[in-house]
Amino acid sequence: MKKVLSAIVSAVLMAAVGCAFVGCSSQPGKDGVDGINGIDGSDGKNGASAYELFVESHPGYDKSEEEWLNDLAAGRLADKNEYNIVSYGRNYNGTLTSGTASSDGSTLSLDAAVVKLNNDVIVPIGSNAEWEINIGGVLSNGDASAEILTSLDKSVNGRVYFGVYAGNNIAYLGVNVGGIYFNYCWNVQGSVIKSAHDYTVKYKDGTYTLSVDGGSAIRFSKINQNQDINGALTVSDAKVASAELNDKIRAANGQDYFAITAIGADTHKVSCKLKYVDVKTSSIYTYENMSHHPLYGKTVYHLGSSISRGYANGGVSFADQISALTGSSFVKEAVDGTPLVGPATNSYVGRFDSNLKNNLSTDKPAFLVLQLSTNDFSQGKQVGTALADVTSGFDTTTVSGAIEYIVSETKRYSPDTKVLIYTCAIKDSWAWRANYGQFVNLQLKTIANKWDNVTVVDLFNAKTINSLSWMSDDIHPTGHEYANHFTPAMINTMVGLLKA
């Protein structure tokens, strides 16, 4: 009976959406009841069901048939989605929760306002996604600064937003990580922002662009944090900058989407005039409406030295930022200046044995994040050799042996714990950089390939916009650099492993 109902619901819903995404074949289904239109298949012909055809044409879709029916009913399977947020300057699809709103019949005027949308606008950022946001309006008074569209109206960490700032001559798409606003900026003259113009933000082929009044599309030109224009980074490759922004958005949301939920936010109330706001996106069929981040409630162990501890940021590192952003808990075993090699008390090995190992079997952390220490190289410790066929009896007086010992003991005490070994972003001027890089590209790869519970988060070789100007010295990140690269890279790797 369930199959029959499934077939009938599929037929009705597909007719309603015009079968745009699978094609309206009338071939009968398996067992005579699963056909796309419910036709009896008793003649022996076995055709694929609507669900099977959809999965075949959308390989990334991994949900059950029941979940597929729910997605179909919710409109998440259409090839294209359109959202009207503000229409004709008088109708807005939301509830005013702060400030005032009025209309003269063609323009909606907002004064210190926040409008909570009645329906979330789901925006994809995957490699094949396409979308555009169209805004017609004029900012009023002051420096014409506003976060016009936001993903979170009542909190900051993890918020995605589109805004303009005449004082800095920019429009920007940004995300807050660790309490830091990272703004990816397009150059737009303040005089333009303060007068009536139409803006179109587009995402296509992995790159974000902006056009004003239908003019030529422009790409990101700079990245600033907390609107510090003097410390802004120049963007030489807009595609790399777009990928970095996506990494931050993905880390904040735990998937390849963000949801626009409001005009303005409690911390950035909006005073502006809007004629229209609409969004058009490609399919959102893999979007998950999650109540919590995928890392929520997970426990993460961190073992390292000054970079894991947060030496240049008052003891706050990516470990703290990951927890705050995702709702995970953590144990940070990190002491400045210590190497991996043991068995000295202040080595990673010594502190792992004393402070972490015996708790693994009870805490069962989802992850152990292990820093590839820079101290071993600056202190001239022996590198050693990682052998593919050896799984015990490691020489912990060498870097390779110390890493493998920690990995093997973690696997022994908590088999489901995944080990992330992260390499450090290091300036070219650091004296031991070449030796460190050689180990990363040779021995560390051998170790990662050997153990099935090991993943390398390689920040040493990462291709990024040159954010090393946000380092405090040759090797120590500031809070901005943790949030810029370390934290998103860690979160996205963890989420990927959970979903694998």
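Residues numbered from 1 in each chain as written. Predicted model: local features only at pLDDT ≥ 70, side-chain atom pairs only at ≥ 80, totals over all residues. Heavy atoms only, no water.

**Observations concerning the overall build of the protein chain**
What counts, and what does not: By the criteria applied, helices consist of DSSP H or I runs no shorter than four residues and strands consist of E runs no shorter than two, each listed in order from the N terminus. Contacts were defined at the residue level, with two residues in contact if any of their heavy atoms lie within 4.5 Å.
The helix and strand tally for the protein chain stands at 13 helices and 21 strands. For the protein chain, long-range pairs separated by at least 24 residues make up 67% of all intrachain contacts whose partners lie at least 6 apart in sequence.

**With respect to the nonpolar core**
The condition is simple: Residues belong to one nonpolar core when they are buried, are Ala, Val, Leu, Ile, Met, Phe, Trp, Tyr or Cys, and are joined through side-chain atoms within 4.5 Å. In this scheme, a residue with accessible area under 20% of its type's maximum is buried, one over 50% is exposed, and one in between is partly exposed, where area comes from a 1.4 Å probe on protein chains only.
Residues Y208, L372, I403 and I406 are the most contacted members of the largest nonpolar core, which totals 121 residues. Excluding residues that lie within four positions of it along the chain, I403 makes contacts with L340, L370, L372, I421, F439, L444 and I447. Of all hydrophobic cores here, the second largest spans 9 residues; its members include A50, L69, L77 and Y285.

**Considering the sheet that holds strand 18 (residues 329-334)**
Where we set the bar: Strands are treated as partners if at least two bridges between them are detected by DSSP. Axis lines are fitted to C-alpha atoms, over the contacting stretch for helices. Their N-to-C directions set the angle, which ranges from 0 to 180 degrees.
If you walk across this open sheet you meet the 5 strands as 18-17-19-20-21, and the pairing is parallel. Taken across any chain shown, the strands that pair with only one partner, and hence form the sheet edges, are strand 18 and strand 21 (454-458). Each strand of the sheet is rotated relative to its neighbour by a mean of 20°, with strand direction disregarded. Here 5 bridges tie strand 20 (residues 418-423) to strand 21, and the two strands are oriented parallel to one another. Paired with Y422 across the bridge in strand 21 is V457. Packing of helix 7 (residues 318-326) onto the sheet brings it into contact with strand 17 (299-304), strand 18, strand 19 (367-371) and strand 20, and relative to strand 18 it is tilted by some 180°. Here helix 8 (residues 348-363) sits on the sheet in contact with strand 17, strand 18 and strand 19, set at roughly 170° to strand 17.

**As for helix 5 (residues 238-253)**
Defined as follows: An expected span of 1.5 Å times one less than the residue number is assigned to each helix. For the purposes of these results, a polar contact is taken to be a pair of N or O atoms within 3.5 Å, where, inside protein, one atom must be able to donate a hydrogen and its partner to accept one; residues adjacent in sequence count only when each atom of the pair is a side-chain atom.
Its 16 residues give helix 5 an end-to-end C-alpha distance of 22 Å, which sits within 8% of 22 Å, the value for a rise of 1.5 Å per residue. Along helix 5, the positions that sit buried rather than exposed are A238, V240, A241, S242, E244, L245, N246, K248, I249, A251 and A252. For helix 5, the capping residue at the N-terminal end is D237, with a side-chain oxygen 3.0 Å from the backbone nitrogen of K239. With its phi angle positive at about 75°, G254 sits one or two positions after the end of helix 5.

**Examining the packing of helix 5 against helix 13 (residues 479-499)**
Put simply, the test is: By definition in this entry, angles of less than 35 degrees are roughly parallel, angles greater than 145 are roughly antiparallel, angles of 65 to 115 are roughly perpendicular, and the rest are oblique. Each crossing is labelled by how the near helix is turned from the far one, with a counterclockwise turn of less than a right angle marking it left-handed and a clockwise turn marking it right-handed. Residues are sorted three ways: Asp, Glu, Lys and Arg are charged, Ala, Val, Leu, Ile, Met, Phe, Trp, Tyr, Cys and Pro are nonpolar, and all the rest, Gly among them, are polar.
The N-to-C vectors of helix 5 and helix 13 enclose an angle of 55°; their axes lie 9 Å apart at closest approach. In this view, helix 5 runs oblique relative to helix 13, as classed from their interaxial angle. The handedness of the crossing between helix 5 and helix 13 comes out as left-handed. Residues E244, D247, K248, R250 and A251 of helix 5 touch helix 13, and the partners they reach there are A483, N484, H485, P488, I491 and N492. In terms of residue class, the contact of helix 5 with helix 13 is built from 4 nonpolar, 3 polar and 4 charged.

**So, helix 7**
Counting buried positions over the 9 residues of helix 7 gives 7, a clear majority of the element. Every buried residue of helix 7 is accounted for by F318, A319, Q321, I322, S323, L325 and T326.

**Topic: unusual backbone geometry**
Negative phi values dominate among residues other than glycine, just as trans dominates among peptide bonds. Cis geometry marks the peptide bond from G342 to P343, where omega comes out at 10°. Relative to the assigned elements, P343 resides in the loop between strand 18 and helix 8. Despite not being glycine, N169 shows a phi value in the positive range, around 55°. Secondary-structure assignment places N169 in the loop between strand 7 (160-165) and strand 8 (170-177).

**Focus on the packing of helix 7 against helix 13**
In contact at an axis separation of 9 Å, helix 7 and helix 13 are set at 60° when each is read in the N-to-C sense. It follows from the interaxial angle that helix 7 and helix 13 lie oblique. The handedness of the crossing between helix 7 and helix 13 is right-handed. Contacts between helix 7 and helix 13 pair F318, Q321, I322, L325 and T326 from the former with G479, Y482, A483, F486, T487, M490, I491 and M494 from the latter. Of the residues assigned to the contact of helix 7 with helix 13, the class counts are 9 nonpolar, 4 polar and no charged.

**Describing the pairing of strand 8**
The element strand 8 is largely enclosed, with a buried count of 8 among its 8 residues. Neither face of strand 8 is open: one carries I170, Y172, G174 and N176, the other A171, L173, V175 and V177, and all of them are buried. Two elements, strand 7 and strand 8, share 6 bridges in a ladder whose sense is antiparallel. Within strand 8, the position partnered with Y165 by the bridge is I170. From the end of strand 7 to the start of strand 8, which pair antiparallel, there are 4 residues, and N169 there has a positive phi angle of about 55°. Relative to strand 9 (residues 180-187), strand 8 is paired through 8 bridges, and the arrangement is antiparallel. Bridge pairing in strand 9 links V177 to I180. What sits between strand 8 and strand 9 in their antiparallel hairpin is a turn of 2 residues, with G178 showing a positive phi close to 65°.

**A short note on a negative patch on the surface**
This is how the line gets drawn: Nonpolar side chains (Val, Leu, Ile, Met, Phe, Trp, Tyr) are joined into patches within 5 Å and like charges within 9 Å, using only residues with over 30% relative accessible area and no salt bridge. Every accessible area reported is derived by Shrake-Rupley at a probe size of 1.4 Å, with residue values counting cover from the shown protein chains alone. One speaks of a salt bridge when a side-chain nitrogen belonging to Lys or Arg is within 4 Å of a carboxyl oxygen belonging to Asp or Glu. The positive count covers Lys and Arg only, the negative count covers Asp and Glu only, and His and the chain ends enter neither. One atom stands in for each charge, and that atom is NZ of Lys, CZ of Arg, CG of Asp or CD of Glu.
On the surface, D62, E66, E67 and E288 cluster together into a negatively charged patch. Here E288 is to be found in the loop between strand 16 (270-282) and strand 17. Relative accessible area serves as the criterion here: at 34%, E288 is assigned to the partly exposed category.

**Observations concerning the layout of surface pockets**
Operational definition: Think of a 1 Å grid over just the protein atoms. A cavity is a set of points where a 1.4 Å probe fits yet cannot get out, a pocket is an open set with protein on both sides within 12 Å along at least five of seven lines, and lining residues have an atom within 4 Å of a point. Grid points are joined across faces, edges and corners, and a volume is the space filled by probe spheres set on the points.
Its boundaries defined by the atoms lining it, the largest pocket holds a volume of some 750 Å³. Along the wall of the largest pocket there are 25 residues; nearest its centre are G60, D256, Y257, Y285 and T286. Of all the elements, helix 13 adds the most residues to the lining of the largest pocket, at 4 residues. Taken together, the residues of the lining of the largest pocket break down into 7 nonpolar, 11 polar and 7 charged. In this model, the second largest pocket occupies a volume close to 490 Å³. Lining the second largest pocket are 25 residues, and of these L152, A252, N253, M290 and H293 lie nearest its centre. The set of elements that each furnish at least two residues to the lining of the second largest pocket consists of helix 5, strand 15 (257-263) and helix 7. Top element by residues in the lining of the second largest pocket is strand 15. It accounts for 4 residues. Each residue belonging to the lining of the second largest pocket can be placed in one class, and the counts come to 10 nonpolar, 13 polar and 2 charged.

Such coordinate-based values are descriptive only and should not be taken to indicate function.
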